[in-house]
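As a plain string of letters, each chain reads:
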Amino acid sequence: MSNLCEVYRKTPLKPHHIIPLDFQSVESVPDSHVWSDCDDYNPTEILNSHLWPESHKFRIQDEHIVPNEHPSIPIIDLTDSNAADYVGQACQTWGIFHVTNHGLPLGLFEDVESEARRLFSLPSQQKMKALRSPGGATGYGSARMAPFFSKSMWHEGFTIMGSSVDHARVLWPNDYKRFCEVMDEYQKQMKALAHKLFLMILKSMGLSEEEQNWALMVQSNESNALQLNSYPPCPDPTRTVGLAPHTDSLLLTILHQSDSDGLEVLQDGAGWVRVHRAPGSLTINVGDLMHVFSNGKFKSVCHRAVVKRTHHRVSIAYFSGLPADSVVGPLSKLGPPRYRALTVEEYLGMKAQHLDRALSLIRI
Ligand SMILES: C=C1C[C@]23C[C@@]1(O)CC[C@H]2[C@@]12CCC[C@@](C)(C(=O)O1)[C@H]2[C@@H]3C(=O)O
Ligand SMILES: O=C(O)CCC(=O)C(=O)O
Ligand SMILES: [Fe+2]
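A quick note: this is a predicted structure, and the numbers were derived from the prediction, not measured. (Residues numbered from 1 in each chain as written. Chains lettered and ligands numbered in written order. Predicted model: local features only at pLDDT ≥ 70, side-chain atom pairs only at ≥ 80, totals over all residues. Heavy atoms only, no water.)

1. Some points on the coordination of the iron ion (ligand 3)
Then step 1. Binding of the iron ion (ligand 3) to the protein goes through His246 (NE2), Asp248 (OD) and His303 (NE2), at separations of 2.1 to 2.2 Å.
Then step 2. Here the donor residues of the iron ion (ligand 3) are spaced in sequence according to H-x1-D-x54-H. Of this pair, Asp248 sits in the loop between β6 (243–246) and β7 (252–257) while His303 sits in strand β11 (residues 303–305), and the two are 55 residues apart along the sequence. In this pair, the class of Asp248 matches that of His303, namely buried. (Donors = N, O, S within 2.8 Å, 3.2 Å for Na, K, Ca; no water. Helix = DSSP H or I, 4+ residues; strand = E, 2+ residues; numbered from the N terminus. Buried < 20%, exposed > 50% of the residue type's maximum accessible area, 1.4 Å probe, protein only.)

The structure is reproduced here in structure tokens:
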């Protein structure tokens with residue numbers, strides 16, 4: 001089992017922060033899930049207030065307004081001979097980009113999505129059998145960041161680290177093998193892709209072969225997590241949120257957005273920008289550990305997920321990290337360090353206590 005589990009054991013959550021709403025049983029948005037006039041929604045710690053225009057405050061989504069369509073998130077063909085440079089540039093400017101020609105078979109996405117839907121369409125009391133334990137890292141439940149907000153999110157998740165067999169056997173005693181096989185294969189393919197992307201990033205940073213080898217060796221023991229996200233249809237999507245604004249903690253996130261958009265990123269001056277899916281592509285975003293490693297050159301992008309009135313959106317996020325005891329600090333060749341070096345375990349502990357303030361707390 002991944003050693004990230006050990007880290008989460010030290011920061012147990014309260015059961016009411018783990019148990020999602022029984023979305024199948026509600027016909028309106030309960031007060032516990034109404035975010036429209038709630039202060040929690042302003043990621044003031046992430047953007048300075050002058051970059052956060054009044055017009056964006058408190059606005060979740062307005063079904064009649066098309067979100068900012070103009071800025072376009074880079075789409076990078078991984079077979080292009082200049083792909084490494086493009087990846088480096090995208091990490092600096094956007095902190096998020098799409099990749100095409102990534103070599104993963106289309107069928108794998110269909111399989112992982114169909115298994116995720118099979119799981120989330122189970123009755124609530126069945127899903128509860130695989131509920132994440134208070135000090136646990138894996139299983140069914142609300143997003144780990146839930147305790148930081150006074151309102152709950154229109155979201156349920158299922159976290160996998162390595163084998164999913166223990167939870168799957170509880171959910172489908174006679175029919176769990178397929179779920180496990182698909183999740184195993186997906187994690188295997190994602191690990192290889194994360195490695196490839198990390199190598200491109202190292203190249204784009206101009207690291208010597210020796211430095212690249214060292215970094216790749218550390219990353220080959222990556223600690224990772226696979227998160228199945230479910231955003232059930234919502235009777236009033238303008239009043240609630242799927243996932244509240246956040247940055248991802250680890251190095252890189254590889255996101256498969258299924259058949260509908262919903263991800264938005266916060267960009268300086270532009271506000272929330274909808275991340276439209278490009279056919280056959282995967283969406284990659286920079287996480288906090290990469291932000292630190294790159295000395296703040298690569299941006300850990302603030303993002304959120306909105307929900308739909310009639311569509312049940314599912315997304316699959318793979319988080320690629322580093323072993324909990326590895327030390328992450330800014331690369332010396334990227335100038336005077338702007339962040340102090342610390343272990344992954346220490347950083348995740350800070351994240352568990354301070355969420356989005358963690359990055360600024362380690363700033364030098
Ligand atoms: C490795 C992980 C990253 C994550 C916590 C987790 O254990 C698995 C779920 C991940 C997720 C997904 C939604 C947003 C987020 C902040 C959260 O609450 O759970 C991320 C976590 C993270 O990046 O810190
Ligand atoms: O569902 C999405 O589009 C975003 C998911 C996400 O941000 C996450 O899992 O961390
Ligand atoms: Fe995220």
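Still to come is the rest of the account.
2. Topic: the pattern of salt bridges
Then step 1. Counted under the stated rule, the structure contains 17 salt bridges.
Then step 2. Here Asp259 ties to Arg117 by a salt bridge, and the two come within 3.6 Å at their closest N and O atoms. Within this pair, whereas Asp259 is found in the loop between β7 and β8 (263–267), its partner Arg117 is found in helix α3 (residues 106–120), the two being separated by 142 residues in sequence.
Then step 3. According to the relative accessible area criterion, Asp259 is partly exposed, its value standing at 43%.
Then step 4. The salt bridge involving Asp175 is made with Arg118; its shortest N-O contact spans 3.1 Å. One end of the pair, Asp175, is in the loop between α5 (165–171) and α6 (177–204); the other, Arg118, is in helix α3, with 57 residues separating them in the sequence.
Then step 5. Owing to a relative accessible area of 42%, Asp175 belongs among the partly exposed residues under this scheme.
Then step 6. Taking relative accessible area as the criterion, Arg118 reaches 23% and is therefore assigned partly exposed. (Salt bridge = Lys/Arg side-chain N within 4 Å of Asp/Glu carboxyl O.)

3. Digging into the environment of Gly321
Then step 1. With respect to the helices and strands, Gly321 occurs in the loop between β12 (313–320) and β13 (327–328).
Then step 2. For the pair Gly321 and Cys302, spaced 19 residues apart in sequence, the C-alpha to C-alpha distance is 18 Å.
Then step 3. Once you skip the residues sitting within four places of it in the chain, Gly321 turns out to touch Glu222, Ser223, Leu250 and Leu251. (Contact = heavy atoms within 4.5 Å.)

Interpretation note: all reported values are geometric properties and have no functional meaning in isolation.
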